[in-house]
Amino acid sequence: MTSATRRSVIGAALAALIAVVLVISPATARQTDRPIVLPGATGTEGVARLDGSTFFAGDLLTGDIFRGKITKGTAAKFIDAPDGRFAAGMKADSSDKLLFVAGGPTGQGYVYSTRTGAPVRSYQFQSPPTPTFINDVALSKNGAWFTDSAQALLYFVPVVDGVPSSSFRTLTLTGPAADLSGAFNNNGIQAIRGGAMLVVAHSGNGVLNLVDATTGASTTIAGVSVPNVDGILIKGGRELFAVQNANNLVSVWKLETDFLAGTQKKTITSPLFQFPTTVARFGGRLAVANAKFDTGFPPTATQFEVIVVRR
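Residues numbered from 1 in each chain as written. Predicted model: local features only at pLDDT ≥ 70, side-chain atom pairs only at ≥ 80, totals over all residues. Heavy atoms only, no water.

1. Here we look at the overall build of the chain
To keep it simple, the criterion reads: In DSSP terms, a helix is any run of H or I states spanning at least four residues, a strand is any run of E spanning at least two, and both are numbered starting from the N terminus. All radius of gyration figures rest on C-alpha atoms, and the globule criterion is 2.2 Å times the number of residues raised to 0.38. Exposed residues in this analysis have more than 50% of their type's maximum accessible area, buried residues have under 20%, and partly exposed residues fall in between, with area computed by a 1.4 Å probe over protein chains only.
Within the chain, the secondary structure is distributed over one helix and 25 strands. Taken over the C-alpha trace, the chain has a radius of gyration of 17 Å; the compact-globule value for 311 residues is 19 Å, and the two agree within 12%. Considering only C-alpha atoms, the chain reaches an extent of 45 × 45 × 40 Å along its principal axes. Split into buried and exposed, the 311 residues of the chain put 55% on the buried side.

Below, the structure is given as structure tokens:
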């Protein structure tokens, strides 16, 4: 697939998504909100915490990866990705020193060393022109899960003794998580209960689904309405952060012990948010990727950044 074709494929899907952008009341400025610029980036979509204050963020269209520290407020290019790669959602494994990156419309997933930035593995989950958009990543105790926003499938890469497998497993979804009626469908993902279950955000339906990681059966989590949901993050066992991109906010939810229902606790927003997509947590602070898809696709913004806000 040529670069122009890849841009056309992702552009058509994003155009459908951007069409639902809502008019949101201006947020109240907070002195603690601040941007960390990704120098030279042509776009961004994913952000991930490694350890301490270190984060990674991707350049969506080039696949390049930036590394920075939220305590210093700076970032620099860390990985110059091979031509033809994209970088959507990502997660960093601090124990195995691995960075897992979703490859968007390429149908691919990538693994890099967080020590050196060297490529470790790559996977062809789907081969275009088959519809595919590998959108986000979740870590479990035994490996990494990848979502596909154009297929009712999840992909699992086992990791044994710190080494990613050369092969992957495909999980077919059933129930509400299998709905492919939206421009983007399954998106953000988090593993729970040691990886036995998964919480998967469905962008098209504005809901979260609970998925059995063995069978692929799913059920919608009651009481959780998250229009335009993108990336999600679960911390503290049952506290869930949902990035609602076109709404320019992160909603915070408390899930029940069975994960079948949830209650909204608060909303986090900032005047610096401009179509945020994914989130990483650093104690009392959140790092939020600012995709700026509201400017079009490719985005016409001249600067891209990660926004740091108080949670």
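2. Points about the sheet that holds strand E9 (residues 119-124)
What counts is decided by this rule: Strand pairing is assigned whenever DSSP detects at least two bridges linking the two strands. Here an angle of 0 to 180 degrees is reported between the N-to-C directions of two axes, which are lines fitted to C-alpha atoms, with helices fitted over the stretch in contact.
One open sheet accounts for four strands, arranged E6-E7-E8-E9; its pairing is antiparallel. Of all the strands in the sheet, just strand E6 (90-93) and E9 have a single pairing partner and so form its edges. With strand direction ignored, the average angle separating the axes of adjacent strands in the sheet is 15 degrees. Judged from the five bridges that link them, strand E8 (residues 108-113) and E9 form a sheet pairing that is antiparallel. Of the residues in E9, the one forming a bridge with Gly109 is Tyr123.

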